[in-house]
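# Secondary and tertiary structure notes
Now for the letters of each chain:
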Amino acid sequence: MSDFAVRPITDYERRPTFDLLLQALHSPLPTDDAWARFGDSWAAPGKFGAFAADRPIGITSGFPTTIAVPGGASVSATAVDGVGVRADWTRRGVLTALMSAQLTDLAARGTTIACLHASEAVIYGRFGYGPAALSATVEVTRPARLRDGAAAGGAVRLLDPAEARDLIPVLYHRIGLHRPGMIARPEPWWPIAHDRRVTRDGGYRVAVHTGPDGDDGFALFCSVDQTTPGGPDHGPLLEVRDLHGANPEAITALWGFLLSIDLVATVRASARPADEPVAVLLADFRRARTTALEDDLWVRLVDVPAALAARAYGAAEPVVLDVADRLLPANTGRYRVGPEGAERTDAPADLQLDVDTLAMLYLGEWRATTLAHAGRITAADPATLTRADRLFTTDLRPWCGTFF
Ligand SMILES: CC(C)(COP(=O)(O)OP(=O)(O)OC[C@H]1O[C@@H](n2cnc3c(N)ncnc32)[C@H](O)[C@@H]1OP(=O)(O)O)[C@@H](O)C(=O)NCCC(=O)NCCS
């Protein structure tokens with residue numbers, strides 16, 4: 001019998017579990033004032049705690065949202081936004097018990113997909129999550145300007161914090177989920193992840209782009225002093241946190257604006273789409289460098305048949321996938337996937353894979369051929385891998401673009 005129990009947390013346990021999470025993540029605890037402002041956003045529903053002698057020793061938290069899948073549809077999702085185990089209880093199966101409880105609960109509620117950003121890449125594969133979308137960090141050394149002919153019309157203006165708090169949620173919603181992997185930002189997301197930065201912590205400024213149809217893009221950015229006592233003076237860095245546009249022109253214009261800000265040595269944007277063409281927008285291609293390409297969104301298909309049926313597929317002969325899911329065995333089975341859709345089948349399997357590998361294929365980032373080379377997919381006939389490549393490929397690379 002285990003010496004701890006896992007159950008949903010109660011309202012009274014919101015603050016201690018939040019503190020536990022922040023300690024596990026080495027972050028400062030909120031003051032009472034800060035908790036009074038945003039504590040309501042850390043609601044009890046959707047959170048499981050592990051308790052020993054009634055004291056919390058672990059937490060997993062998630063909020064309901066929707067996620068865009070290839071082809072333009074959106075499906076129900078849970079964004080897993082807070083996972084931590086008290087340091088004196090790690091490596092004793094607490095997270096394993098929490099993940100199992102959370103995924104079983106999500107499956108019972110009919111959630112199609114769970115997703116998260118992982119602190120470490122070795123944690124979540126065992127629970128069926130795969131790194132389904134990558135993101136890039138791009139650094140542009142100034143002076144740099146857009147090349148003549150880069151489409152960047154319209155106007156950019158700076159908002160004051162109160163305007164930003166009111167307008168940006170509306171604008172994000174209007175921009176819409178136009179890439180696989182983008183998620184809706186529900187109401188409780190904003191106080192913790194956005195308002196704090198623009199209205200209280202200070203430092204962040206918000207630029208909005210207006211195109212022919214009105215406001216259609218925004219960027220959050222702040223200046224970072226790079227001087228170190230006695231060290232070289234690298235000049236101020238402009239850190240871009242959140243940049244979204246309804247169309248390429250809005251995104252280009254926002255980049256143009258950020259690069260035009262005086263007294264800045266470098267503009268750095270992290271968590272950008274892996275295929276955002278910053279270098280080719282510039283007059284001098286070499287001013288932009290991709291300094292990192294990393295796992296961004298980890299996806300877990302909670303309801304494999306619903307997830308497979310929700311996305312669109314490219315033109316190729318169907319393939320039969322034999323999927324294994326140890327934690328949610330109802331997903332285990334064979335699925336015929338083709339341009340007409342996806343459904344369960346008794347036909348013989350072409351490809352065998354675990355559910356975490358299926359997640360890597362699902363949003364279109366990874367090719368079946370590559371995953372087979374990595375030993376993640378077994379194929380009786382290599383030609384079926386090429387067919388799977390064509391079926392699962394997407395025009396745009398997936399991207400989440402929301403930190404949680
Ligand atoms: C990551 C964390 C939640 C893991 O919790 P835990 O209770 O120790 O995990 P478990 O004991 O259930 O471990 C399950 C398995 O994963 C492995 N594992 C878990 N975390 C790991 C890590 N950080 N590095 C390597 N392996 C890890 C364990 O060794 C174990 O492997 P095994 O089944 O082969 O024995 C915990 O270490 C923690 O709170 N870390 C700091 C905060 C953090 O990173 N949170 C995640 C935010 S996304």
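Along each chain, residues carry numbers from 1 onward, in the same order as the chain's sequence is written. The predicted nature of this model means local features are confined to residues of pLDDT at least 70 and side-chain atom pairs, given and counted, to a pLDDT of 80 or more, with totals for whole chains, interfaces and linings taken over all residues. Where side-chain values are given, they derive from all heavy atoms of the structure, hydrogens and water being excluded.

## Topic: the pairing of strand β14 (residues 333-338)
Under the convention used in this document: Any two strands are treated as partners once DSSP identifies two or more bridges connecting them. To qualify as a helix, a DSSP run of H or I must reach at least 4 residues; to qualify as a strand, a run of E must reach at least 2; elements of each kind are numbered from the N terminus.
In terms of strand pairing, strand β13 (residues 319-324) meets β14 through 5 bridges, oriented antiparallel. When the sheet's bridge partners are listed, V320 is paired in β14 with R336. Two strands pair when backbone bridges link them, and β14 and strand β15 (residues 341-344) are joined in this way by 4 bridges, in the antiparallel orientation. Of the residues in β15, the one forming a bridge with V337 is A342. In this structure, the hairpin formed by β14 and β15 is closed by a connection of 2 residues.

## With respect to the sheet that holds β15
Heads up, the rule is: Here, axes are lines fitted to C-alpha atoms. For helices the fit covers the stretch in contact, and angles between N-to-C directions go from 0 to 180 degrees. Contacts were defined at the residue level, with two residues in contact if any of their heavy atoms lie within 4.5 Å.
If you trace the 5 strands from one edge of the open sheet to the other, you get β15-β14-β13-β16-β17, paired in mixed fashion. Edge positions in the open sheet fall to β15 and β17 (377-379), since each of these has one partner strand only. Direction aside, the axes of adjacent strands within the sheet are offset by 25 degrees on average. Packed on one face of the sheet, helix α9 (residues 355-362) meets β13, β16 (351-354) and β17 and runs near 105 degrees to β16.

## Re the environment of G217
Note that G217 resides in strand β9 (residues 214-224). Along the sequence, G217 and D148 sit 69 residues apart, while their C-alpha atoms lie 21 Å from each other. Apart from residues lying up to four places away in sequence, G217 is in contact with L171, I175, A207, V208, H209, H244, G245, A250 and L254.

## Describing the environment of R15
Quick reminder of the rule: The buried label goes to any residue with under 20% of its type's maximum accessible area, the exposed label to any with over 50%, and the partly exposed label to all in between, with areas taken from a 1.4 Å probe on protein chains only. Polar contact is defined as a pair of N or O atoms within 3.5 Å, subject to the rule that within protein one atom must be able to donate a hydrogen and the other to accept it, and that residues adjacent in sequence are counted only when both atoms are side-chain atoms.
Within the fold, R15 resides in helix α1 (residues 14-24). Assessed through its relative accessible area of 23%, R15 is described here as partly exposed. In sequence terms R15 and D40 are 25 residues apart; their C-alpha atoms lie 10.0 Å from each other. Once residues lying within four places of it in the same chain are set aside, the contact partners of R15 are P30, T31, D32 and W35. A polar contact is formed between the side chain of R15 and the side chain of D32, at a distance of 3.1 Å.

## A few points about the domain arrangement of the protein chain
Put simply, the rule is: Segmentation into domains, and thus their bounds, comes from an automatic or database assignment.
Once the domains are mapped, the protein chain shows domain 1 (5-116), domain 2 (136-296) and domain 3 (304-392). Each of domain 2 and domain 3 was reduced to a C-alpha centroid, and the two centroids are 36 Å apart.

## Let's talk about the site of the ligand
This is how it is decided: Residues are labelled near a given molecule or strand when at least one of their non-hydrogen atoms is within 4 Å of it. Residue-level accessible areas treat just the shown protein chains as cover; the underlying method is Shrake-Rupley with a 1.4 Å probe.
In the vicinity of the ligand lie 19 residues, with V85, R91, T96, S119 and E120 positioned nearest. One nitrogen or oxygen atom from the main chain of V85 is found 2.8 Å from an oxygen atom belonging to the ligand. Between the ligand and L95 there is a distance of 3.0 Å, counted from an oxygen atom to a backbone nitrogen or oxygen. Here the ligand, which alone exposes 890 Å², has 72% of that area covered by the protein. Counting residues per element, the ones that place at least two in the shell around the ligand are β4 (74-85) and α3 (94-109).

## What to know about the side chain of T402
Positionally, T402 belongs in the segment after α11 (383-392). In terms of polar contacts, T402 uses its side chain to reach the side chain of Y172, at 3.3 Å. Side-chain polar atoms of T402 contact the side chain of R185, separated by 2.9 Å. Those residues in contact with T402 that lie beyond four places of it in its chain are H117, Y172, I183, R185 and W189.

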